[in-house]
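Summary of structural features
One letter stands for each residue in the lines below.
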Amino acid sequence: MEMGGCGNLEKKTCATVEPFGTHSHAIVSVVIVNFNGGPLLVETARSVLSSILPIEVFVVDNGSTDASLLSLHPLALTDRRCQIIENHANLGFARAANVALERTQGDYILLLNPDVVIKPDTLARMIAALAAYPDAGMAGCLLRNSDGTEQAGCRRSVPTPWRTLVRVFHLDRLFPNHPCFRNFVLTQQPLPETPVFLEAISGAFMLVRRKALENVGFLDEKYFLHCEDLDWCMRFRQVGWKILFVPNVEVIHYQGTCSKDRPILVLWHKHSGMIRFYRKFFRHQYPWPLMILVMVAVWTRFILLAGLALILPQESREPDGRNQEEVAIMSTTAQEISVTPPAAGSGKDTVEIDPMLVIASVEADHPYQRSS
């Protein structure tokens, strides 16, 4: 993708971006939340500071006990664009990110993990893509693992309770051609050639318009770690903003760097976040017996993965920091949503006999319903 180029979701004229040299302030405010990020924190910061755009960088440290923050100080002293905010305690990702979000001045805000390395033109190309789609409030790019493979989660659908049950019980294998039982593993599907709208992107790289941020608000601080990105995507969609995935722009995400020494605690926060996510957005859409079943499935999954974390050695983990069994279990829904909703009578399957399949059909067509 060339600078200023764009792909098409619909036929439209590619928008242009104001020449970068005309700006006297930061175009992009980059927020990096760090907790024991190791040497990769400095590499991430340097990659961001090498951007061809005017930027400002906020590194929020959640009480790291390694040398990552100490290693970053010389860079911050020599480059005024890099500012360090020390919390002296682990406040959680969302709360720490919000501390920096309040200080940002850029027209765009990028939430970036401390183990993601970008290129000098990454932000410029992402902004050019966003400029072509003014109804997109957030954009993500293609995340690759250190071995070059596509990282699960960089393009995905929302893991609703129904979709979670489909995944857990492998219902997609029983009904491979039914639209309500689609395979959740998007890495088995070809990458789109042009930008597409998705239901959700990864929180490791989230580029947000300031106008959209002011409309939607900051991250929900009741999530400590994980699922706050899905929550944000839901809230963006609820107020009418779309989520853009740009496959032509790639970055490397060394996933798991900050959590490799605390796998069980991270799993706890991840599953606690899932429970909050389900209760926040879906408790009024599902019968309570199904919600209980989902909660039991979530905590059963936590117990299984925690047991595996105790048994499996570090060497058995994937390049992105997860063990092989977790890769299989963690694969979430990842079907792309259509830009134009299907017309009535377009052939979509709807089943009116089984209430659970009715819910599934509604989710397939309209996955974002405002919770009351």
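Look up: the structure comes first, before these words.
Rules behind the numbers
Residues numbered from 1 in each chain as written. Predicted model: local features only at pLDDT ≥ 70, side-chain atom pairs only at ≥ 80, totals over all residues. Heavy atoms only, no water. Buried < 20%, exposed > 50% of the residue type's maximum accessible area, 1.4 Å probe, protein only. Helix = DSSP H or I, 4+ residues; strand = E, 2+ residues; numbered from the N terminus. Pairing = 2+ DSSP bridges. Phe/Tyr/Trp six-rings, centres within 6.5 Å; stacked < 30°, edge-to-face > 60°. Lys NZ or Arg CZ within 6 Å of the ring centre and 35° of its normal. Salt bridge = Lys/Arg side-chain N within 4 Å of Asp/Glu carboxyl O. Arc of directions from axis to C-beta. Polar contact = N/O pair within 3.5 Å; in protein donor to acceptor, adjacent residues only side chain to side chain. Contact = heavy atoms within 4.5 Å.

This paragraph deals with the pairing of strand β10 (residues 205-209). Counting buried residues in β10 gives five out of five residues, a clear majority hidden from the surface. Judged by which residues are buried, β10 turns out to be covered on both faces: F205, L207 and R209 on one side and M206 and V208 on the other are all buried. As judged from the two bridges shared by strand β6 (residues 136-144) and β10, these two strands associate in the antiparallel manner. Each bridged residue has a counterpart across the sheet, and for A139 the counterpart in β10 is L207.

It is worth spelling out the packing of aromatic side chains at this point. Scanning the model with the defined rule gives seven aromatic pairs in all. With 5.6 Å between their ring centres and 65 degrees between their planes, W162 and F181 make a pair best called edge-to-face. Of the two residues, W162 sits in helix α5 (residues 161-168) while F181 sits in the loop between α6 (171-174) and β8 (196-198), which places them 19 residues apart along the sequence. Here the aromatic rings of F277 and F282 are separated by 5.8 Å at their centres, their planes lie at 70 degrees, and the arrangement is edge-to-face. The class of F277 is buried, set by a relative accessible area of 1%. An aromatic cluster is present here, built from F277, Y278, F281 and F282 joined pairwise through their rings. Just above the ring of Y223 sits the side chain of R276; from NZ or CZ to the centre is 5.3 Å.

Our focus in this paragraph is the pattern of salt bridges. In total, this model carries ten salt bridges according to the counting rule given. Residues R125 and D121 are paired through a salt bridge, measuring 3.9 Å at the closest nitrogen-oxygen approach. Its relative accessible area of 29% is what places D121 among the partly exposed residues. Residue K280 is joined to D220 by a salt bridge in which the shortest nitrogen-to-oxygen separation is 2.9 Å. Of this pair, K280 sits in helix α9 (residues 263-282) while D220 is found in the loop between α7 (210-216) and α8 (228-238), placing the two residues 60 residues apart along the sequence. For K280, a relative accessible area of 22% corresponds to the partly exposed category. Assessed through its relative accessible area of 12%, D220 is described here as buried. Each member of the salt-bridge network shares a partner with another, and the members are D220, D231, R235, R276 and K280.

What follows is about helix α2 (residues 68-78). For α2, the complete set of buried residues consists of S68, L69, L72, L75 and A76. Across the axial projection of α2, the buried residues extend over an arc of 110 degrees, all falling on one side. Along α2, the residues that are exposed and aim more than 90 degrees away from the buried face are L70, L77 and T78.

So, on to α8. Every α-helix winds through 3.6 residues per turn, so residues three or four apart in the chain are directed the same way. Burial within α8 is extensive, with ten of its eleven residues counted as buried. Three or more residues of α8 are buried, namely E228, D229, L230, D231, W232, C233, M234, R235, F236 and Q238.

Once that is clear, we can look at the side chain of H253. Locating H253 in the fold gives a position in strand β11 (residues 242-253). Overall, H253 belongs to the buried group, its relative accessible area being 3%. Of the polar contacts made by the side chain of H253, one reaches the side chain of D115; its length is 3.0 Å. Ignoring anything within four residues of it in the chain, the contact list for H253 reads N113, D115, V116, L143, R144, N145, Q151 and A204.

This paragraph deals with unusual backbone geometry. Backbone geometry places N36, a non-glycine residue, at a positive phi of 55 degrees. Within the fold, N36 resides in the loop between β1 (28-34) and α1 (40-49). In this model, H226 sits at a positive phi of 80 degrees, which is unusual for a non-glycine residue. If you trace the backbone, H226 turns up in the loop between α7 and α8. With a relative accessible area of 29%, H226 lands in the partly exposed category.

With respect to the helices and strands, L219 occurs in the loop between α7 and α8. Its relative accessible area of 5% is what places L219 among the buried residues. Separated by 13 residues in the primary sequence, L219 and W232 place their C-alpha atoms 6.5 Å from one another. Setting aside chain neighbours within four positions, we find L219 in contact with F93, A94, A97, N98, L111, E228, W232 and R235.

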